[in-house]
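# Per-entry structural report
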Amino acid sequence: VIAKAARLIKSFTRSGGLMVVAFVAVTLCACMVYARTRSFPDDVTLGRGLAPDFIDRYAVLTEEAPTASHAAWETVANGGVWASHIAAIANNRSILIHYDLSSLPKGMRITNAELVLPVYTYSPTDVRFFVYRVLADWGNGASYKYRFNTPEKKVEWSSPGARGGSTDRATGSTASYRVKAAGPVTLNVTSDVEMWYTKAAPNNGWMFTVEEPGAIVGFYSHTYVGYASWVLRVTYEPE
Amino acid sequence: VNNRLALRSVGLMRLLRCAALALVATAGATLAYAADVVPARAMQYVTLPEPAGTPMAILDTTPGLIRVAVPRATCAAVSDQFNILVVGSQSLKGSEGKELYVFKLGPNGEPTGAPEILNTPKVPEVGDSPNQVLSLKFHPKLPLLYVWQDTDDKKIKRADAVNEKYAHLLIYSVDAAGKLTFVAQGAVGMRFDMNNIWGDMAVGPQLDKLYVPNLRTPAKSNFTAVGYIGLDPKTGLIAMEESEEKDPTTKAPVIVKREKVKLWPLGGYGADSIPTGLGYVVGSEGTFTTNGYTTISSFDPENRQGWHVAYSMPYVSSSPIHISPHPNPKNWRFYAVTLGSAWVYSMPHADGQITGVPQIANVTGLTAYSPCVIMPKRNQLAVGGGSMLCVVGLNPEGMLTKEAFAVKINSLTVRAVAYSDRADKLFVAENPKPEAPAK
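Residues numbered from 1 in each chain as written. Chains lettered and ligands numbered in written order. Predicted model: local features only at pLDDT ≥ 70, side-chain atom pairs only at ≥ 80, totals over all residues. Heavy atoms only, no water.

## Focus on the overall build of chain A
Note the threshold: Secondary structure elements are taken from DSSP: a helix is a run of H or I of four residues or more, a strand is a run of E of two residues or more, and numbering for both begins at the N terminus. Working definition: with a 1.4 Å probe on protein chains only, accessible area under 20% of the residue-type maximum means buried, over 50% means exposed, and in between means partly exposed. Note on definitions: a residue-residue contact is assigned when non-hydrogen atoms from the two residues lie within 4.5 Å. Computed with a 1.4 Å probe, the accessible areas rest on the Shrake-Rupley method; for each residue, only the protein chains presented here act as cover.
Each helix and strand in chain A was counted, giving three helices and 14 strands. The 239 residues of chain A split such that 52% are buried. A separation of at least 24 residues holds for 77% of the contacts in chain A among residues at least 6 apart in sequence. As displayed, chain A has an accessible area near 10600 Å², and 56% of this comes from carbon and sulfur atoms.

## Observations regarding the sheet that holds strand β5 (residues 93-99) of chain A
Residue and element names in this part refer to chain A. Worth spelling out the cut-off: Note on pairing: two strands pair once DSSP finds at least 2 bridges between them. Here the axes come from fitting lines to C-alpha atoms, over the contacting stretch only for helices, and the angles between their N-to-C directions go from 0 to 180 degrees.
Across the sheet, which stays open at both edges, the five strands sit in the order β1-β5-β12-β7-β10 with antiparallel pairing between neighbours. Two strands in the sheet have a free side with no partner beyond their single neighbour: β1 (55-62) and β10 (175-179). Strand-to-strand twist in this sheet, taken as the mean axis angle between neighbours without regard to direction, amounts to 20 degrees.

## Brief notes about the nonpolar core
Counted only if it meets this: The term nonpolar core refers to a set of buried residues drawn from Ala, Val, Leu, Ile, Met, Phe, Trp, Tyr and Cys, joined through side-chain atoms within 4.5 Å.
Counting 41 residues, the largest nonpolar core has Y99(A), F129(A), W206(A) and F208(A) as the members making the most contacts within it. Contacts of F208(A), omitting those with residues within four sequence positions, involve I89(A), R93(A), S94(A), I95(A), I97(A), L115(A), L117(A), F130(A), V131(A) and W230(A). Grouped together as the second largest cluster of nonpolar side chains are 25 residues, L278(B), V337(B), C390(B) and V392(B) included.

## Remarks on helix α1 (residues 2-14) of chain A
Residue and element names in this part refer to chain A. Stated formally: A helix is expected to span 1.5 Å for every residue after the first.
Its 13 residues place the ends of α1 18 Å apart at the C-alpha level, agreeing with the 18 Å of an ideal helix rising 1.5 Å per residue. Burial within α1 is sparse, with just one of its 13 residues counted as buried. Following α1 by one or two positions, G16 has its phi on the positive side, about 85 degrees.

## Remarks on the environment of F129(A)
Residue and element names in this part refer to chain A. Looking at where F129 falls in the secondary structure, it is placed in strand β7 (residues 127-133). The spatial distance from the C-alpha of F129 to the C-alpha of I89 is 8.3 Å, given a sequence separation of 40 residues. Apart from the residues within four sequence positions on either side, F129 is in contact with I89, L117, A175, S176, Y177, V179, V185, L187, T209, V210, V217 and F219.

## Digging into unusual backbone geometry
Residue L48(B) is joined to P49(B) through a cis peptide bond whose omega torsion reads -10 degrees. Checked against the element boundaries, P49(B) lands in the loop between β1 (45-48) and β2 (58-59). The amide bond that connects E50(B) to the next residue, P51(B), takes the cis arrangement and shows omega of -10 degrees. Along the chain, P51(B) turns up in the loop between β1 and β2. Phi at S166(A) takes a positive value of approximately 70 degrees, unusual for a residue other than glycine. A relative accessible area of 49% places S166(A) in the partly exposed class.

## A short note on the pairing of strand β32 (residues 425-430) of chain B
Residue and element names in this part refer to chain B. β32 sits mainly inside the fold: six of its six residues count as buried. Residues K425, F427 and A429 line one face of β32 and the alternating positions L426, V428 and E430 line the opposite face, and both faces are buried. As paired strands, strand β31 (residues 417-420) and β32 are joined by four bridges and run antiparallel to one another. Note that in β32 the partner of Y419 across the bridge is L426. What sits between β31 and β32 in their antiparallel hairpin is a turn of four residues, with D424 showing a positive phi close to 50 degrees.

## A look at the confidence of the model for chain B
Residues and elements named next belong to chain B. Our working definition: Summary of the metric used: pLDDT quantifies the predictor's per-residue confidence within the range 0 to 100.
In this model, chain B carries an average pLDDT of 87, and 86% of its residues clear a pLDDT of 70 or more. Low pLDDT, under 50, characterises residues 30-43; the stretch is placed with 26 contacts to residues that sit more than four places away or in other chains. Here the predicted complex scores 0.84 on pTM and 0.81 on ipTM.

## Quick word on the sheet that holds strand β17 (residues 261-265) of chain B
Residues and elements named next belong to chain B. In spatial order, the strands read β12-β13-β14-β17; together these four strands make up an open sheet with antiparallel pairing. With one partner strand each, in any of the chains shown, β12 (202-203) and β17 form the two edges of the open sheet. Looking at chain direction, strand β14 (residues 224-230) and β17 are connected through five bridges and run antiparallel. In the strand pairing of β17, A225 is matched with P265.

## Details of the pattern of salt bridges
Formally: Salt-bridge detection follows one rule: a side-chain nitrogen of Lys or Arg within 4 Å of a carboxyl oxygen of Asp or Glu.
Taken as a whole and assessed by the stated rule, the structure comprises 20 salt bridges over all chains. The partner of D126(A) in a salt bridge is K180(A), with the nearest N and O atoms 3.0 Å apart. Of this pair, D126(A) sits in the loop between β6 (108-123) and β7 while K180(A) sits in the loop between β10 and β11 (183-188); the two residues are 54 residues apart in sequence, bridging distant segments of the chain. K180(A) sits in the exposed class, given a relative accessible area of 54%. Among the ionic pairs, D128(B) bridges to K93(B), the shortest N-O distance being 3.7 Å. Here D128(B), found in the loop between β7 (116-118) and β8 (131-138), pairs with K93(B), found in the loop between β5 (84-89) and β6 (100-104); they are 35 residues apart in sequence, far enough to count as distant. Connected through shared salt-bridge partners, R163(A), R169(A) and E211(A) make up one network.

## Some thoughts on the side chain of H168(B)
Secondary-structure assignment places H168(B) in the loop between β9 (144-151) and β10 (169-174). Ignoring anything within four residues of it in the chain, the contact list for H168(B) reads V147(B), W148(B), Q149(B), D150(B), N163(B), G186(B), A187(B), F192(B), D193(B) and M194(B).

## Concerning the packing of aromatic side chains
As a reminder, the rule being used: In this analysis, rings of Phe, Tyr and Trp, with Trp reduced to its six-membered ring, are considered paired at centre separations within 6.5 Å, and the interplanar angle assigns stacked below 30 degrees, edge-to-face beyond 60, and tilted for intermediate values. Counting as a charge over the ring demands two things of the Lys NZ or Arg CZ atom: a distance within 6 Å of the ring centre and an angle within 35 degrees of the ring normal.
As enumerated under the stated definition, the model contains 20 aromatic pairs over all chains in all. Seen from their ring centres, W196(A) and W206(A) are 4.7 Å apart, and the 50 degrees between their planes marks the pair as tilted. With W196(A) in helix α3 (residues 190-197) and W206(A) in strand β12 (residues 206-210), the pair connects residues that are ten residues apart, well separated along the chain. Comparing W196(A) with W206(A) shows no difference in burial state: the two are buried. When the ring of F208(A) is compared with that of F219(A), the centres are 6.4 Å apart and the planes differ by 50 degrees; the resulting orientation is tilted. Of the two residues, F208(A) is situated in strand β12 and F219(A) in strand β13 (residues 216-220); the sequence distance between them amounts to eleven residues. For the pair shown, F208(A) and F219(A) are each scored as buried. An aromatic cluster of at least three residues, connected via ring pairs, comprises Y211(B), Y228(B), W264(B), Y280(B), F288(B), F299(B) and W307(B). Cation over ring: R57(A) sits above W138(A), and NZ or CZ is 5.2 Å from the ring centre.

Right, dumping it as structure tokens:
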């Protein structure tokens, strides 16, 4: 057997096999090095309008329009006309958003995750808005009343507006921010992204809301081409 | 010498075999690793065909495509119950009409002969102005065909006297042999705009509403509006409502019967600038979705706090959007196309209200002139374009896939497209003679 193996190795070496092995090894190493030095979202900008490759679920939950998914900005006072290009959150209105994180490579450690939101308007100054991790699954038909509203599935939130702490959303907020000026706001969401990445918790996205009655924070909605700039920036390294 | 040559050739063969194996292994490993890094995402935005820059394959035909010759065709509808295809057309100035072409279809879905050509009823005040059929809808249960017509003459204004007499809505009965007989008309007056080139209708699920296009708020405000004309659910004819009014001469109270029209203004979204009601997705509880100005708008008539939600569509110009519900009412998905553009959308709805995130396709070479026509048996949708018909694939859930091709059609603007689910045939109306390209 040893002699046979030796003969095989000899013939392999003679026929240039070592060169081929070296070529393969170098190519594989180059691929791996390239892949592992990528940063997420790499060269993909999650903004400047709809970034549907990554934002795959979005809804605005509004008490005034309890079965609508996109009643985000009241354009005619008391007229019930709503538009989607600005999304304003209040104590009875919140935004749900879900990022598809499946393009994160496996075997990494999340070192940082930042969410950048484009604030359009706010009232009063110093109004504080909160980011909650959503616990309950939601999807098509999500509204103030329902978390699913499809022919197959009609499921209500445990508390309208996904306000149920520890059932609809996490009890504590992931982040909060006091708005002093319009413009991009950066929030640290590392713990949530890490949890989702390691599958310690299912990724059901985030909820943005305001607790203070009468206060609002308005964002350019992610569908507003030309203005919107919703960015989730995740930094990672090999474990 | 021979032995040496033989050995060399054996060595060479081994080398080649090794190299081939190595290449396969390297490619496999690289692909596997790359797949791990960038797996396929849920496709929400796509340029068709993929990758971007790939020219659209333009075929001479596609299986099941049936061409019918109709000059200046504007819309089409198929009845699988009565085995007829009706194509709407635009009449020329001064012509006698010929706005409806009725083709009888055989068991295999093929037309069995020459079409019966009908003139739609018009009031004399229209004179010799061109007239056109904008939408055809068969009643889902009763043997009725709803026809929406409009003038195409800029001399006619909404405030003109002709508008007080011109009927936009025509109702035809359909007999067992597929023959159309005119039975009623409606949609008369200032609430209906004149000279629109687009429009569509939908019968509500309770069969008591016919959602109609190009409504306007009365008189001075002149806002675009959407809404419906009430139907008698038993007969499918226009429901009338009585109201007490003062007689203009005697001033005595009189009971007046009018057609029941309910409309909602589009508010700040599209005042007097666009055709409205280009397709309706109607939910079971009265909520509905239709087009707005650069938006798709959902209405919840029962909710005064939030009765209108205008969803800004990404990548939409100011061109109107035409909406087509999925023919299976249990599939809560609808399709939209920005007319005159290459944008096609697939969107979920929640019982008539827009929800979720749109799936958006930029279809290379498409300049859309027809609504999306969904073909569930084939998992495809078709859109009429400029001298072509574009076909885009759908997955079983109704999402757009990467499949896309086009078929040459002899019409500069392909507007009349219809699909027979029973026969699995796609009908397209084209000009009888080759059309000269536009200058």
